[in-house]
Amino acid sequence: MLEYIYYLFIFGTILTYIVWGFIISFESILALNGTKSAIKWIKEHHKPKTFKYLLIIFLPMLHLGYIFFELIPFLMGMEEELKNFDLEQIYKNIYLK
């Protein structure tokens, strides 16, 4: 019985990280591109210091999101320019504009 609770906790933690990481990475990549709705959503739901921590915590998911939302479309010829992945630029686009 304890083993079941242990695995439930472990898998729940992993799935929660993946889901929240996907949400944060999707919104952050949109904010990197200057999408006003993503910037507004992030400002409404996160304080600047909290969002900075989220960028660090979900850095692997941000890299994965960057590959899927920026790099692959650029390599396939769907995008004309490739934005550089820069955490400071994401933060500046949201809170310092």
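The structure this text deals with has already been given above.
Residues numbered from 1 in each chain as written. Predicted model: local features only at pLDDT ≥ 70, side-chain atom pairs only at ≥ 80, totals over all residues. Heavy atoms only, no water.

Trainee: Give me the overall build of the protein: which residues, what numbers.
Mentor: For the protein, the helix and strand inventory stands at 5 helices and 0 strands. For the protein, the sequential pattern of α-helices and β-strands runs α-α-α-α-α. Taking 97 residues into account, the globule formula puts the C-alpha radius of gyration at 13 Å, and the protein, at 16 Å, lies well above it. Counting only C-alpha atoms and orienting by the principal axes, one finds that the protein spans roughly 55 × 35 × 20 Å. Of all 97 residues assigned to the protein, the portion counted as buried reaches 28%. Of the contacts made within the protein by residues no fewer than 6 positions apart, 67% connect residues no fewer than 24 positions apart. Carbon together with sulfur atoms contributes 68% to the accessible area of the protein, which is approximately 7,100 Å² in total. Within the protein, one finds 9 positive and 9 negative side-chain charges whose respective centroids are separated by 13 Å. (Helix = DSSP H or I, 4+ residues; strand = E, 2+ residues; numbered from the N terminus. Rg over C-alpha atoms; globule rule 2.2 N^0.38 Å. Buried < 20%, exposed > 50% of the residue type's maximum accessible area, 1.4 Å probe, protein only. Contact = heavy atoms within 4.5 Å. Areas by Shrake-Rupley, 256 points an atom, 1.4 Å probe, with all protein chains shown as cover. Lys, Arg positive; Asp, Glu negative; His and termini not counted. Charge placed at Lys NZ, Arg CZ, Asp CG, Glu CD.)

Trainee: Which residues make up the packing of helix 2 (residues 36-45) against helix 5 (residues 87-95), and what are the values?
Mentor: Helix 5 packs onto helix 2 with a crossing angle of 85 degrees between their chain directions and a minimal axis gap of 9 Å. Taken together, the axes of helix 2 and helix 5 are roughly perpendicular relative to one another. Taken together, the residues of helix 5 that come into contact with helix 2 (itself represented by Ile39, Ile42 and Lys43) are Asn93, Ile94 and Tyr95. Class assignment for the residues of the contact of helix 2 with helix 5 results in 4 nonpolar, 1 polar and 1 charged. (Axes fitted to C-alpha atoms, helices over the stretch in contact; angles between N-to-C directions. Parallel < 35°, antiparallel > 145°, perpendicular 65-115°, else oblique. Nonpolar A, V, L, I, M, F, W, Y, C, P; charged D, E, K, R; others polar.)

Trainee: Give me the lowdown on the nonpolar core, citing residues and values where you can.
Mentor: Counting residues in hydrophobic clusters, the biggest one holds 11 residues: Ala31, Leu32, Ile39, Ile42, Phe51, Leu55, Leu62, Ile90, Tyr91, Ile94 and Tyr95. Listing elements by their share of this core, those giving two or more residues are helix 1 (2-32), helix 2, helix 3 (48-57) and helix 5. The dominant element in this core, judged by the number of residues it contributes, is helix 5, at 4 residues. (Core = buried A, V, L, I, M, F, W, Y, C linked by side-chain atoms within 4.5 Å.)

Trainee: I'd like a rundown of helix 5, residues and numbers included.
Mentor: When we look at burial in helix 5, the residues that qualify are Ile90, Tyr91, Asn93, Ile94 and Tyr95. The arc that holds every buried residue of helix 5, seen down its axis, measures 165 degrees, which confines them to one face. Tucked inside the fold, the buried residues of helix 5 contact helix 1, helix 2 and helix 3. Where helix 5 starts, the residue carrying a side-chain oxygen 3.4 Å from the main-chain nitrogen of Glu88 turns out to be Asp86. (Arc of directions from axis to C-beta. Polar contact = N/O pair within 3.5 Å; in protein donor to acceptor, adjacent residues only side chain to side chain.)

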